[in-house]
Structures are given as C-alpha cells and as structure tokens.
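# Coordinates in review
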Amino acid sequence: MSLATRDATGPVDAPVTPPKVVRQRRVRPGLLGLAVLLIALGGLGAAFAVTSVRATGSYLAVARPVEVGREVTAADLITVQVAGGQGLNPVPAGRLDEIVGKRAAVALVPGTLLTLGQVTDDPLLGPGQQQIALGLKTAQVPARELHPGDKVLLVSTPDDNATGAAATAGTRFTATVIDMVSPTDDEKVLYLALLIRDVPAVVALAAQERVAVVLTEAA
C-alpha cells in the first residue's frame, strides 16, 4: 500500500496570528464632570465679555465743582466712556441738552458720574427764603448724614459773656436742609434754606459758634 506524501517543496501555510483585543479606556465620572464644568465656565466668561462690551457707552461726568442750587452749564460736564455700569444709572451723554440749565440738587464733585437725582427743576428755596452755609463740627450735627429736604431747628446756645436770663435764653429758627458735605472727618458744611428775616441772627450766632442743630423731621 502506498502512502501519499506532501511535497516538501510545495507552499506551506503560515501560522495565523490571533486578533488583538483593544481594551476600552474607562472615563472617570469625576473627570467628565470637570470637563463639562470648564466648558460651561468658558461659555459664561465669553458671554460676560460680550455683555460688557455691549454695555460700554458714553455718559456725563462732573468736570468741576458745582455748588448746591447753581445752574449746571455744559462746561461743568465732560463725556466719559464707561464699560458696564449696571446699577449706576448715569446720564447718557446724548441727554446733555436736558441737563444744562437745571440746578444742582446736591454738591457736584469732579470726577463722579452724573445721575438725574443730582439735578432738579424744582426751586430749592421757597418764597421769602435765602440759602446759608454753616460750618459745623461733627458733634454739632444731629445725624451722620443729613439729606435734602430734612427739617431742622437751629437753637442758639448760651452766651458765656452774658449774665442773668440772657445767658440761658435760647432762640429757635426753623430751616430746611439743601445739602451737606464733609470736607474733613470732623467738619461738616450744612447748606440751609432759611427765612430772610432769620438770616442775620443765624449768621451772627454761627460766627460765635453758638448754633446747635436739631433734626425735627426727616425727608
């Protein structure tokens, strides 16, 4: 019986390489959340930048001091560029014509943005009134800040040089606060609307430092 044999010179099948198994990398949930958070923060930052640029505008600012009651002129104001400014409510530069001719309701300080509440068309002085300014120490003022419209009583303090009843007699004058500023921590300047007939007496008492201020009605 004959045996079939493979020719040694014939082709030989190469060994089959087993397929490689690719292992999937596991993504940690914490890292995935961090990536989402960073993307969200980046979007918010871009939105804020765009909003700030869009909110940039031209507004009116005070160029030089303006006393209470004085009419505001164009020379008292300058135009500035402000980015953002939400909540400040400054007056847009385009409304300059509306502001010129109004009176300062409070003392306008250079370098500050102008708001509509700082100017007025209403008369600061009533019929038969004049405006005076009193320089007082902090201890002579009944509140840390007095506001326009507050009602006060000016009371004369005792005269050290007087005798008898004149030494203790106190004269009273009613007045309305127009504004108050603080040049220093221990100094106040009080602007008041006072009856014309009372002005000479109050000025004389103020020169002698014999005036006390009492708040009778808050605005």
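A quick note: this is a predicted structure, and the numbers were derived from the prediction, not measured.

### Focus: the overall build of the protein chain
When helices and strands are tallied, the protein chain shows 4 helices and 9 strands. Going from the N terminus to the C terminus, the protein chain shows its helices and strands as α-β-β-α-β-β-β-β-α-β-β-α-β. Residues classed as buried in the protein chain amount to 27% of the 219 residues present. In the protein chain, of all internal contacts separated by at least 6 residues, the share reaching a separation of at least 24 is 66%.

### Details of the confidence of the model for the protein chain
Of all residues in the protein chain, 69% have pLDDT values of 70 or greater, and the mean over the chain is 78. Per-residue pLDDT, averaged within each element of the protein chain, yields its smallest value for helix α3 (residues 165-168) (53) and its largest for helix α2 (residues 96-99) (95). Within the model, the stretch residues 1-5 combines pLDDT values under 50 with 0 contacts to residues more than four positions away or in other chains. Note that pLDDT drops below 50 for residues 47-54; the model gives that stretch 2 contacts with residues more than four away or on any other chain.

### Let's talk about the nonpolar core
L134, V152, L154, L190, L192 and L194 are the most contacted members of the largest nonpolar core, which has 19 residues in total. Within the residue set of this core, elements represented by two or more residues are β5 (129-137), β6 (151-156), β7 (172-184), β8 (187-195), α4 (199-207) and β9 (211-217). Aside from chain neighbours lying at most four places away, what touches L190 is I132, A133, L134, L136, L146, V177, D179, M180 and V213. Counting residues in each nonpolar core, the second largest holds 13 residues, with V72, V91, A93 and I99 among its members.

### A few points about the pattern of salt bridges
Any two side chains of opposite charge can pair, given that their charged atoms come close. Considering all chains together, one arrives at 6 salt bridges under this definition. The shortest N-O distance in the salt bridge between K102 and D121 comes to 2.7 Å. Taken together, the residues span a long stretch of sequence, with K102 in the loop between α2 and β3 (103-104) and D121 in the loop between β4 (119-120) and β5 at a distance of 19 residues. Looking at D121, the relative accessible area reads 53%, which means it is exposed. A salt bridge links R197 to D198, with the shortest nitrogen-to-oxygen separation between them at 3.8 Å. Residue D198 is classed as buried on the basis of its relative accessible area, which comes to 12%. Here the salt bridges share partners, and the residues they tie into one network are R64, E67, R70 and D76.

### Things to note about the environment of V213
Mapped onto the elements, V213 comes out in strand β9. Residue V213 is classed as buried on the basis of its relative accessible area, which comes to 7%. Through-space distance from the C-alpha of V213 to that of F173 is 9.7 Å; in sequence the pair is 40 residues apart. Contacts of V213, omitting those with residues within four sequence positions, involve L136, Q140, P142, V152, L153, L154 and L190.

Thresholds applied
Starting afresh in each chain, residues are numbered from 1 along the sequence in its written order. Totals for whole chains, interfaces and linings use all residues, but because this is a predicted model, local features are given only for residues with pLDDT of at least 70 and pairs of side-chain atoms are given and counted only at 80 or more. The basis for every side-chain value is the complete set of non-hydrogen atoms in the structure, without hydrogens or water. The way it works is that DSSP assigns letters per residue, a run of H or I at least four long becomes a helix, a run of E at least two long becomes a strand, and they are numbered from the N terminus. The cut-offs for exposure are 20% and 50% of the maximum accessible area for each residue type, with area from a 1.4 Å probe on protein chains only; residues under the lower value are buried, those over the upper are exposed, and the others partly exposed. Contacts are residue-level and defined by heavy atoms, with any inter-residue pair within 4.5 Å sufficient. The pLDDT value expresses, per residue, how confident the predictor is, ranging between 0 and 100. What is meant by a nonpolar core is a set of buried Ala, Val, Leu, Ile, Met, Phe, Trp, Tyr and Cys residues, joined one to another through side-chain atoms within 4.5 Å. When a carboxyl oxygen of Asp or Glu is within 4 Å of a side-chain nitrogen of Lys or Arg, the pair counts as a salt bridge.

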